[in-house]
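Architecture and fold: a report
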Amino acid sequence: VAARSLPADQLGTWRNAALAAAGAVHPLLALADANYLDALLAERQASPQAIDKAKAALAAYQSHCSAIAQAAPECNYASRWRMHLLLANAADQGSPEATSQQLAAALDLAQAGNDAWRLAWTEARMANIDGMAYRANEAEQHLERARQHAQRHGDPLVIARVMMGEALKDGEGSLEEAAGG
């Protein structure tokens, strides 16, 4: 999030401090975090490098976290969830199957973390993909789960996203079109 909201001149300083802290824990964690931050920056700049950086971040997190206890603080699911979401958004341009695979991986991470916000966001995105593929039953199931998670969390943005999905379920279009994007 910070990588997307910092001015460009502050990003380098912030990135270096974050990587120094990660490197003090483990060099592989620093590599994972560097790729994570670079992927977010590349996404912000609409660069195709975002995909390679996200894949590299996921691979480095996997290597680091499989070598230590998965419950270690640096193995928190949130960074990996975000990289799967980035890859799902990139895959959405051409491959619904690849998008669904990335979203399923993101959903697994959110479920493991019992994270209502990420569960609602991912389920709503999965409903959109299923709706666009004319899988109405699956889309409705995702929307219902998204609604439950959104209500549990109480985030107005996620609740609004789910409500847009509900409004579109009987019509045509996508959540992105409804949101103006």
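I will try to describe carefully the structure that is included in this document. Residue positions are counted from 1 within each chain, in the order its sequence is given. Only residues with pLDDT of at least 70 get local features here, since the model is predicted, and only at 80 or more are side-chain atom pairs given and counted; chain-wide, interface and lining totals rely on the full set of residues. Note that water and hydrogens are dropped before the side-chain values are worked out from all heavy atoms of the structure.

**Regarding helix α3 (residues 27-44)**
Applied cut-off: Under the DSSP-based scheme used, a helix requires at least four consecutive residues in state H or I and a strand at least two consecutive residues in state E, with every element numbered from the N terminus. A helix is expected to reach a length of 1.5 Å times the quantity of its residues less one. Throughout this description, buried means an accessible area under 20% of the type-specific maximum (1.4 Å probe, protein chains only), exposed means over 50%, and partly exposed covers the range between.
Between its first and last C-alpha, α3 extends 26 Å over 18 residues, near the 26 Å set by a 1.5 Å rise per residue. When α3 is considered as a whole, its buried residues turn out to be Leu29, Ala30, Ala32, Asp33, Ala34, Asn35, Tyr36, Leu37, Ala39, Leu40 and Ala42. In the segment just after α3, Ala46 is the residue with positive phi, at about 55 degrees.

**So, the pattern of salt bridges**
To keep it simple, the criterion reads: Throughout this description, the term salt bridge denotes a Lys or Arg side-chain nitrogen within 4 Å of a carboxyl oxygen of Asp or Glu.
All told, the structure shown has 6 salt bridges when counted by the stated rule. Two residues, Asp130 and Arg135, come together in a salt bridge whose shortest N-O distance is 2.7 Å.

**Concerning the packing of α3 against helix α5 (residues 77-91)**
Between two packed helices, the angle of one axis relative to the other and the distance separating the axes together describe the packing. Threshold: A fitted line through C-alpha atoms serves as each axis, taken over the contacting stretch for helices, and the angle formed by two N-to-C directions is quoted from 0 to 180°. In a left-handed crossing the near helix is turned counterclockwise from the far helix by less than a right angle, and in a right-handed crossing that turn is clockwise. Here, two residues are considered to be in contact whenever any of their heavy atoms come within 4.5 Å of each other. In this classification, Asp, Glu, Lys and Arg are treated as charged, Ala, Val, Leu, Ile, Met, Phe, Trp, Tyr, Cys and Pro as nonpolar, and every other residue, Gly included, as polar.
Axis separation between α3 and α5 bottoms out at 11 Å; the angle between their running directions is 35 degrees. The interaxial crossing formed by α3 with α5 has left-handed handedness. Contact residues: Tyr36, Ala39, Leu40 and Glu43 in α3; Ser79, Arg82, Met83, Leu86 and Asn89 in α5. Of the residues contributing to the contact of α3 with α5, the split by class is 5 nonpolar, 2 polar and 2 charged.

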